[in-house]
Amino acid sequence: DLAALAAIYEDEVIETDPAGVESTRQRRELIGDDGLLLGTMSGTPLGMMVRVYSGVATLAYLWVDAPAALRDCFAVMEDNYRRRLLVGAQSEVDAIVAVDDTSTTAISPAMFEACCVEVTNTRAALAHAAGKLYFHHSCGLIRDLLPVYRRTAMDAVHAFTVPPWGNVTVAEGRALLGREITIIATVQALAGPMDSPEAVRGQIQRMVREAAP
């Protein structure tokens, strides 16, 4: 099945969608300086295997039983994703967001280090060369992944998920990520009662302080 999956990725032709480019330009114009326009793309091959193609259990068996075939498939997948990124980066988005949904419920930090650090750095370099930011979307349990993220060129952890859904606070994340990577926390960070505007405002302000700089 890995060879068949790789063949599909290898045979795909990546083309620019003029209507999509124009729609993106119009959105960029409407937003102006009031926000960032994000362009999403597939996650890392490892993340896509977990989330879309194999699931956790099958990936675990492949990781042990067929590591070379798995890595070969990942290489073909990532060549495809890079071609997509190069097309998308020519649009007027401000940031490329790789929707990886990374979580230690599904993969280990060692797996991310082995398969995703180089991928992330190459993608970030391509995005930066086009004048774009590169965000890594990982909305799972990511505490133990943050030290690995710190060694990458990603600009932000997107959808950084705090307790009770996640397992790391903004303050802890800042300490683990260092000063160079931005934390973009999920709306679910406001997990408490919403009946007090003052309390909600205070929680938001505390998160901003914890995320500094």
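Look up a bit, the structure's there.
Positions within a chain are numbered from 1, following the residues in the order the chain's sequence is written. Predicted model: local features are reported for residues with pLDDT of at least 70 only, side-chain atom pairs are reported and counted for 80 or more only, and whole-chain, interface and lining totals are derived from all residues. The side-chain numbers reported here are obtained from all heavy atoms of the structure, hydrogens and water having been left aside.

Caption draft 1: Quick peek at the nonpolar core. What makes a nonpolar core is a set of buried Ala, Val, Leu, Ile, Met, Phe, Trp, Tyr and Cys residues whose side-chain atoms join them at distances within 4.5 Å. Burial status follows relative accessibility: with a 1.4 Å probe on protein chains alone, a residue under 20% of its type maximum counts as buried, one over 50% as exposed, and anything between as partly exposed. Counting 47 residues, the largest nonpolar core has Met49, Met77, Tyr149 and Phe160 as its most contacted members. Only runs of H or I of at least four residues qualify as helices and only runs of E of at least two qualify as strands under DSSP, and these elements are numbered from the N terminus. Looking at this core, the element that brings in the most residues is helix H5 (residues 67–88), giving six residues. Excluding residues that lie within four positions of it along the chain, phenylalanine 160 makes contacts with Ile142, Leu146, Val168, Thr169, Val170, Gly173, Leu177, Ile183, Ile184, Ala185 and Thr186. By the convention used here, residues are in contact when the closest approach between their heavy atoms is within 4.5 Å.

Caption draft 2: Summary view of the packing of helix H1 (residues 2–11) against H5. In this description, a line fitted to the C-alpha atoms serves as the axis of each element, helices being fitted only across the stretch in contact, and the angle between N-to-C directions of two axes falls anywhere from 0 to 180 degrees. At their nearest, the axes of H1 and H5 sit 9 Å apart, and the two run at 15 degrees to each other. With respect to H5, the axis of H1 lies roughly parallel. By crossing handedness, the relation of H1 to H5 is classed as left-handed. For the pair H1 and H5, contact is made by Leu2, Leu5, Ala6, Tyr9 and Glu10 and by Ala69, Leu70, Cys73, Val76, Met77, Asn80, Tyr81, Arg83 and Arg84, respectively. Three residue categories are used. Nonpolar comprises Ala, Val, Leu, Ile, Met, Phe, Trp, Tyr, Cys and Pro, charged comprises Asp, Glu, Lys and Arg, and polar comprises the others, including Gly. Its residues placed into classes, the contact of H1 with H5 shows 10 nonpolar, one polar and three charged. For classification purposes, angles smaller than 35 degrees are called roughly parallel, those larger than 145 roughly antiparallel, those between 65 and 115 roughly perpendicular, and all remaining angles oblique. Two helices that cross are described as forming a left-handed crossing if the nearer one is turned anticlockwise from the farther one by less than a right angle, and a right-handed crossing if clockwise.

Caption draft 3: How the structure looks around the pattern of salt bridges. Salt-bridge detection follows one rule: a side-chain nitrogen of Lys or Arg within 4 Å of a carboxyl oxygen of Asp or Glu. Under the defined criterion, the tally for this structure stands at 10 salt bridges. Between glutamate 113 and arginine 151 there is a salt bridge, and its shortest N-O distance comes to 2.3 Å. Taken as a pair, glutamate 113 in helix H6 (residues 109–115) and arginine 151 in the loop between helix H8 (146–149) and strand E4 (156–160) lie far apart in primary sequence, 38 residues in all.

Caption draft 4: Broad picture of the packing of aromatic side chains. When the centres of two rings from Phe, Tyr and Trp lie within 6.5 Å, Trp using its six-membered ring, the rings pair. Their planes under 30 degrees apart give stacked, over 60 give edge-to-face, and anything left gives tilted. Applying the stated criterion across every chain yields a total of three aromatic pairs. When the ring of tyrosine 9 is compared with that of tyrosine 53, the centres are 6.2 Å apart and the planes differ by 80 degrees; the resulting orientation is edge-to-face. One end of the pair, tyrosine 9, is in helix H1; the other, tyrosine 53, is in helix H3 (residues 45–53), with 44 residues separating them in the sequence. Three or more aromatic residues joined by ring pairs form one cluster here, namely Tyr9, Tyr53 and Tyr81.

Caption draft 5: Molecular detail of the sheet that holds strand E1 (residues 38–42). Strand pairing follows a simple DSSP-based rule, namely that at least 2 bridges must link the two strands. Ordered by their spatial adjacency, five strands build an open sheet running E1-E2-E3-E4-E5, and the pairing between neighbours is parallel. For this open sheet the edge positions go to E1 and strand E5 (182–185), each flanked by a neighbour on one side alone. Neighbour-to-neighbour, the strand axes of the sheet open up by a mean angle of 25 degrees, direction not taken into account. Two strands pair when backbone bridges link them, and strand E3 (residues 133–137) and E4 are joined in this way by three bridges, in the parallel orientation. Among the inter-strand pairings, histidine 137 is bridged to a residue of E4, identified as histidine 158. In the packing of helix H9 (residues 170–177) onto the sheet, the strands contacted are E4 and E5, and the crossing angle to E5 comes to about 155 degrees.

Caption draft 6: How the structure looks around the state of the cysteines. Pairs of cysteine sulfur atoms within 2.5 Å are identified as disulfides in what follows. Following the criterion strictly, the structure yields zero disulfides and no others. Between cysteine 73, a cysteine without a disulfide, and cysteine 115, which holds the nearest cysteine sulfur, the sulfur-to-sulfur distance is 11 Å. Free of any disulfide, cysteine 116 has its nearest neighbouring cysteine sulfur in cysteine 115, separated by 5.8 Å.

Caption draft 7: Representation of the pairing of E5 in the model. In this structure, E4 lies alongside E5, joined through four bridges in parallel fashion. Its bridge partner lying in E5, alanine 156 is registered against threonine 182.

Caption draft 8: Broad picture of the packing of H9 against helix H10 (residues 197–211). The interhelical angle for the contact between H9 and H10, taken along N-to-C directions, is 10 degrees, at an axis separation of 8 Å. Classified by the angle their axes make, H9 and H10 are roughly parallel. Contacts from Val170, Ala171 and Arg174 of H9 reach H10 at Met207, Glu210 and Ala211. Its residues placed into classes, the contact of H9 with H10 shows four nonpolar, no polar and two charged.

In short, the description is geometric, and any link to function would need to be established separately.
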